[in-house]
Amino acid sequence: MEVRAQTSMVFHLDKCIGCHTCSIACKNIWTDRRGTEYMWWNNVETKPGTGYPSLWEDQDKYHGGWDANGKLQLRSTSKAQVVANIFHNPSMPTLDDYYEPWEYDYQNLFNAPEGSDQPAALPISMITGEQIDIESGPNWDDDLSGSPIYAENDPNLAGLTEDQRRQLFAVQRLVFFYFPRICNHCLNPACVASCPSGALYKRGEDGIVLLDQKRCRAWRSCVSACPYKKTYFNWNTGKSEKCILCFPRVETGQAPACFHSCVGRIRFLGVLLYDADRIEEVAKTDDDGLIDAHRDMILDPNDPEVIAEAKKAGIPDSTIKAAQQSPVYQFVKVWKLALPPHLEYRTLPMLFYVPPMSPVLSSKNDSTIQHESDQLFHDIDQSRVPIQFLANLLGTGNESKVRYALKKLKATRWYRRAVTVGDVDMETARRMLSEADCSPEEADAIYRLSALNTVDERFVIPPAHREEAVESTEDPMDRKKSAGFGFLAAPKRGL
Amino acid sequence: MDILSSYLNDLFKYLDVPLMLVLPYVAVFTMVLVTIQRYRTAKFTYSSLSSQFLENRQHFWSVVPMHYGIIIVLLGHFVAFLTPSVITAWNRQPGRLYVLEVFALAAGIATLVGLISIVVRRLTVSKVRVVTTVSDWILLVLLLIQAGTGISIAIFVPWGSSWFAASIAPYLWSLTELRPDIASVTGLPWLVKWHFANAFLVIGLFPFTRLVHILVVPNPYLWRRPQVVRWYSDK
Ligand code: SF4
């Protein structure tokens, strides 16, 4: 056993209102520079939808992630192919797959010559400065479920029956949910493995995946290898960039900007301890066993044996303590409510999603709308977002894990309704709980952490001990009264 | 034509010392010194500065033939410089000489065609034009001259693979061993001298252009472990 700590995340999709506050917080801090205008390290997609960049989940198009036919192998490239493809990367998305960033020519409102029409502020490209027709944007299909160009092309619709599709897209019953995305800070990151220069790396102490700007040489392998399309190419500096999980904030005990600003309070951040010896074995597990294997490699931070091994591996006590209080551990491992997105890409993402409850199918009889049934969980199988769709997104195509989570969520709601409102009877609620593999105490805990959480419950961030680490390599006194450590020159494009 | 040619031959003869003797030393000296200095002070600027992200299709048809062509041609030059005897031995049979020359010429043409496509792409695609600098243009012109003169030599001064070993290799070795002797090259046609001088111009400008990416070609990738983990302090 080789215990490592990973800063991990849970997004509770049931609570996301699709406001994009997270994206804006991120953009304002990190990607408002030239060359990064088109990047959204955090973006929020409408599902069903094609997302950003368009169709990123279609790995026959982008060849992201890993294949595991006996041997674990990147889909985008092999070592030999890297040599052959270094001049031209055959599965690289281009700007058109994202969108051409634009602003408006406001000066024209002031400078236009006198004429018979009102002058207009026409859109101009932020790259060339030329006038352009806006053709797409980072959330171009926002709320557009049911649209034939976007939603109908969602790769997660594979395996849905005609009926299910109709039910998803019927305009009068339009249904969708939001899917906020950042880098998953995976345990088996495809971007890291693909980088010919070794510029990408995973931080040993907290597992944040970073890209060394001084080592990146623009070979672009990471962009095609990441199946989530969460590494981006800065066309101006000729370097790739990605979500850094706001590590300067995390190191000082603050939640990343997107987490901190989330108005829906859907985001949780905490430490997971895992067994690094098992990464390869888990990544090679077949699709059906993947979710269990992934969960299994996450270790119990209260187990004395795990604690002993963690100490042996040099993990500080403060981190072990944070792991014991981690909200992520509760959602992922104890309650089994949160699931990794597209685990079948085999990068072992460490961002987990609580699947969304969706409205129930209703039928109209003599103009009263019915959505009651004798079966307790009928609305899970009849929910307007077919369970197969969620399973394709969060369950490696397998419905059982998603159904388990949804049942527990439903039972918790029913139980809490019996407790606080009292308009449903407690006996049914308890029966639902037991059918959903949940005790009343567990339901209360789920309710508390989901609905009544405080900042300190949502974000349990251990001290980074960075100050001690730096002393072993550099003398902090040398830098007293100067600009500090690290990258001190402006990131200017080379000749 | 002949008059022009003999005029140019005379001209280049006047320039023998500056071009064939001074320039190589100045160029190599500049290259080594500035490259190291740039790596030390501006490591961030070492990048291939790919523009594939902004335009994909023409990128393939220009960058790929150019790179493969130029790598083959450069390798040929290096082999001829380092082990001239191998080339002369190979060329002893006219058939093999012929194959070598045609192969080299094909690689040269791929380079030239690729370069021309690069120029066209950088002129016509407005997004790519945004990321094209003055140093890129200077470099492209020099490389066009280099490929153009190279191909002309292959056609008008044929069997270069043989006379390279006989006259250029000893001269280059004399430069390398710091006892410069230009006697074996003074008689060469102006085209060859131009090709030679231009090559050293490119070498001299190397550290001021994107060419530095050649030095950071990632070979350790081929034998490193797939995953990279960095710790704050060495464990
Ligand atoms: S800020 Fe929170 S609620 Fe709003 S879109 Fe982002 S994740 Fe959803």
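Here, every reference points to the structure presented above.
Calculation rules
Residues numbered from 1 in each chain as written. Chains lettered and ligands numbered in written order. Predicted model: local features only at pLDDT ≥ 70, side-chain atom pairs only at ≥ 80, totals over all residues. Heavy atoms only, no water. Phe/Tyr/Trp six-rings, centres within 6.5 Å; stacked < 30°, edge-to-face > 60°. Helix = DSSP H or I, 4+ residues; strand = E, 2+ residues; numbered from the N terminus. Lys NZ or Arg CZ within 6 Å of the ring centre and 35° of its normal. Patch = residues over 30% accessible without salt bridge, like charges linked within 9 Å, V, L, I, M, F, W, Y side chains within 5 Å. Areas by Shrake-Rupley, 256 points an atom, 1.4 Å probe, with all protein chains shown as cover. Salt bridge = Lys/Arg side-chain N within 4 Å of Asp/Glu carboxyl O. Lys, Arg positive; Asp, Glu negative; His and termini not counted. Charge placed at Lys NZ, Arg CZ, Asp CG, Glu CD. Contact = heavy atoms within 4.5 Å. Buried area = accessible area lost by both parts, 1.4 Å probe. Polar contact = N/O pair within 3.5 Å; in protein donor to acceptor, adjacent residues only side chain to side chain. Nonpolar A, V, L, I, M, F, W, Y, C, P; charged D, E, K, R; others polar. Pairing = 2+ DSSP bridges. Buried < 20%, exposed > 50% of the residue type's maximum accessible area, 1.4 Å probe, protein only.

> Go over the packing of aromatic side chains, please, and point to the residues and values.
A full pass over the atoms with the stated rule returns 30 aromatic pairs over all chains. Ring geometry for Y52 of chain A versus Y99 of chain A: centroids 6.4 Å apart, planes at 55°, classification tilted. With Y52 of chain A in the loop between β2 (43-47) and α2 (59-62) and Y99 of chain A in the loop between α3 (79-85) and β5 (102-104), this residue pair connects regions lying 47 residues apart in the sequence. When the centroid spacing of 4.6 Å and the interplanar angle of 35° are considered together, the rings of F179 of chain A and Y353 of chain A count as tilted. Of this pair, F179 of chain A sits in strand β7 (residues 177-181) while Y353 of chain A sits in strand β14 (residues 351-354), and the two are 174 residues apart along the sequence. Within the aromatic cluster, the residues linked to one another by ring pairs are Y38, Y52, Y98, Y99, W102, W140, Y232 and F233 of chain A together with F53 of chain B. If you follow R38 of chain B out to its NZ or CZ, it ends over the ring of Y46 of chain B, 5.2 Å from the centre.

> Report on a negative patch on the surface, specifying residues and quantitative values.
On the surface, E467, E468, E471, D475 and D478 of chain A cluster together into a patch of negative charge. If you trace the backbone, D478 of chain A turns up in the segment after α21 (466-471).

> Run through the interface of chain B and chain A, naming residues and quoting values.
Across the contact, 48 residues belong to chain B and 66 residues belong to chain A. Both faces combined, the contact of chain B with chain A buries some 5000 Å², and carbon together with sulfur accounts for 61% of it. Between K127 of chain B and D96 of chain A there is a salt bridge, with the nearest N and O atoms lying 3.8 Å from each other. Applying the counting criterion to the chain B and chain A interface returns 27 residue pairs in polar contact (both at pLDDT 80 or more). Looking at the side of chain B that touches chain A, the elements that each hand over two or more residues are α2 (16-41), α3 (57-82), α6 (126-130) and β1 (229-230) of chain B. Ranked by residue count, the leading element in the side of chain B that touches chain A is α3 of chain B, at seven residues. For the side of chain B that touches chain A, the residue count by class is 25 nonpolar, 15 polar and eight charged. For strand β8 (residues 200-203) of chain A and β1 of chain B, the ladder comprises two bridges, and the chain directions are parallel. Residue pairing across strands places K202 of chain A opposite V229 of chain B, the latter belonging to β1 of chain B.

> Lay out a nonpolar patch on the surface with the relevant residues and their values.
A contiguous nonpolar patch, built from L495 of chain A together with V134, I138, L201, L205 and F208 of chain B and spanning about 500 Å² of accessible area, is present on the exposed surface. Tracing the backbone shows L495 of chain A in the segment after α21.

> Explain the pattern of salt bridges residue by residue, including any values.
Two side chains of opposite charge can pair, provided their charged atoms sit close to one another. Residue and element names in this part refer to chain A. Per the counting criterion, the structure on display carries 29 salt bridges over all chains. Between D60 and R75 there is a salt bridge, and its shortest N-O distance comes to 3.3 Å. One end of the pair, D60, is in helix α2; the other, R75, is in the loop between β4 (71-74) and α3, and 15 residues separate them in sequence. What makes D60 exposed here is its relative accessible area of 62%. What makes R75 partly exposed here is its relative accessible area of 30%. With its nearest N and O atoms 2.6 Å apart, the salt bridge here joins D444 to R416. Of the two residues, D444 sits in helix α19 (residues 440-451) while R416 sits in helix α17 (residues 399-420), which places them 28 residues apart along the sequence. Put simply, K47, E57 and D154 are held in one network by salt bridges that share partners.

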